[in-house]
Amino acid sequence: MKIAFPTKTSAGLESVVFEHFGSAPSFILVDTETNEVTDIKNLDQHHEGGQCQPLKALGNVAVDAVVAGGIGAGALKKLNTGGVTVYRAVAGTVGVNLDLIKSGKLPQFTMAQTCAGHQHDGGCVH
């Protein structure tokens with residue numbers, strides 16, 4: 001399974017999961033079958049609110065899942081329509097959240113949990 005985690009910095013599994021999918025500077029991509037960890041620059045970071053293009057943000061890399069601290073309704077819908085499952089991250093690192101997703105303990109995002117917009121620092125408005 002290929003899982004993308006939005007992050008502010010690129011430190012592999014030690015990267016802290018960013019608060020908001022669309023405005024994250026980069027993504028850590030983990031392939032759970034090969035244990036390969038790669039960094040993807042967010043190619044859609046500076047979009048207008050509500051105009052996130054999640055596949056463009058991921059550099060058009062196909063993923064099976066996204067684990068994010070927050071996400072807008074439009075991005076969630078686009079990812080789900082594209083067959084990508086979106087999980088709600090807990091505070092902490094990619095590694096912590098990866099362990100939780102492997103053990104089936106991370107919940108999937110619902111539309112009721114989506115963000116209403118961006119804060120100035122790129123985080124979510126809840």
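It should be emphasised that the depicted structure is a prediction, and the values quoted were computed from it without experimental measurement.

So, how was this worked out
- Residues numbered from 1 in each chain as written.
- Predicted model: local features only at pLDDT ≥ 70, side-chain atom pairs only at ≥ 80, totals over all residues.
- Heavy atoms only, no water.
- Core = buried A, V, L, I, M, F, W, Y, C linked by side-chain atoms within 4.5 Å.
- Buried < 20%, exposed > 50% of the residue type's maximum accessible area, 1.4 Å probe, protein only.
- Helix = DSSP H or I, 4+ residues; strand = E, 2+ residues; numbered from the N terminus.
- Contact = heavy atoms within 4.5 Å.
- Phe/Tyr/Trp six-rings, centres within 6.5 Å; stacked < 30°, edge-to-face > 60°.
- Pairing = 2+ DSSP bridges.
- Axes fitted to C-alpha atoms, helices over the stretch in contact; angles between N-to-C directions.
- pLDDT = per-residue confidence, 0-100.

Trainee: Would you mind showing me how to read the nonpolar core here?
Mentor: It is characteristic of soluble globular proteins that their nonpolar side chains tend to be buried jointly. The biggest cluster of nonpolar side chains holds 18 residues, and the ones touching the most others in it are F21, V63, V66, I71, L79 and V86. Put simply, the parts of the chain that give this core at least two residues each are β2 (26-31), β4 (65-68) and α2 (73-81). Per element, the largest residue contribution to this core is three residues, and it comes from α2. Not counting residues up to four positions away in its chain, the partners in contact with F21 are P6, F27, N42, C52, P54, L58, V66, A68, G70, I71, A75 and L79. Counting 13 residues, the second largest nonpolar core, distinct from the first, contains I28, Y87, A89 and L106.

Trainee: What is the right way to read the packing of aromatic side chains from this model?
Mentor: To describe a pair of aromatic rings, one takes the distance between the centres and the angle between the planes. Throughout the structure, instances matching the rule amount to one aromatic pair. Taking 5.1 Å as the distance between ring centres and 45 degrees as the angle between the ring planes, the aromatic pair formed by F21 and F27 counts as tilted. Taking the relative accessible area as the measure of exposure, F21 reaches 0% and is therefore buried. A relative accessible area of 0% means that F27 is categorised as buried.

Trainee: Would you explain the sheet that holds strand β3 (residues 36-41) in this entry?
Mentor: Consider a sheet: its strands pair through backbone hydrogen bonds, and that pairing is either parallel or antiparallel. As summarised here, the arrangement of the five strands in space is β3-β2-β1-β4-β5, forming an open sheet in which the pairing is mixed. The open sheet has two free edges, formed respectively by β3 and β5 (85-88), since each of these has just one partner strand. For this sheet the average axis-to-axis angle between neighbouring strands, irrespective of direction, equals 25 degrees.

Trainee: Where do I start with the side chain of S15 in this structure?
Mentor: Inspection of the secondary structure puts S15 in the loop between β1 (2-7) and β2. What S15 contacts, discounting residues up to four positions off in sequence, is T7, T9, S10, I28, G92, T93 and V94.

Trainee: Got a minute to help me understand the confidence of the model for the chain in this structure?
Mentor: When pLDDT is low, close inspection of the predicted coordinates is not appropriate. Put simply, the chain has an average pLDDT of 88, and 87% of its residues get 70 or more. Mean pLDDT values for the elements of the chain range from 84 in helix α1 (residues 54-57) up to 98 in β1.

Trainee: Quick question: what am I supposed to make of the pairing of β1 here?
Mentor: Taken residue by residue, a regular strand's side chains alternate between the two faces of the sheet. Within β1, five of the six residues are buried, which leaves the element mostly enclosed by the surrounding structure. Bridging between β1 and β2 involves six bridges; their strand directions are antiparallel. Looking across to β2, one finds that K2 is bridged to D31. Relative to β4, β1 runs parallel, the two sharing two bridges. Counterpart to I3 in the pairing with β4 is A65.

Trainee: Can you help me understand the environment of L76 in this one?
Mentor: Tracing the chain through its elements places L76 in helix α2. According to the relative accessible area criterion, L76 is buried, its value standing at 1%. Taking C-alpha positions, L76 is 8.5 Å from P54, a pair spaced 22 residues apart along the chain. For L76, the contacting residues outside a window of four places in its chain are I71, V86, F109, T110, M111 and T114.

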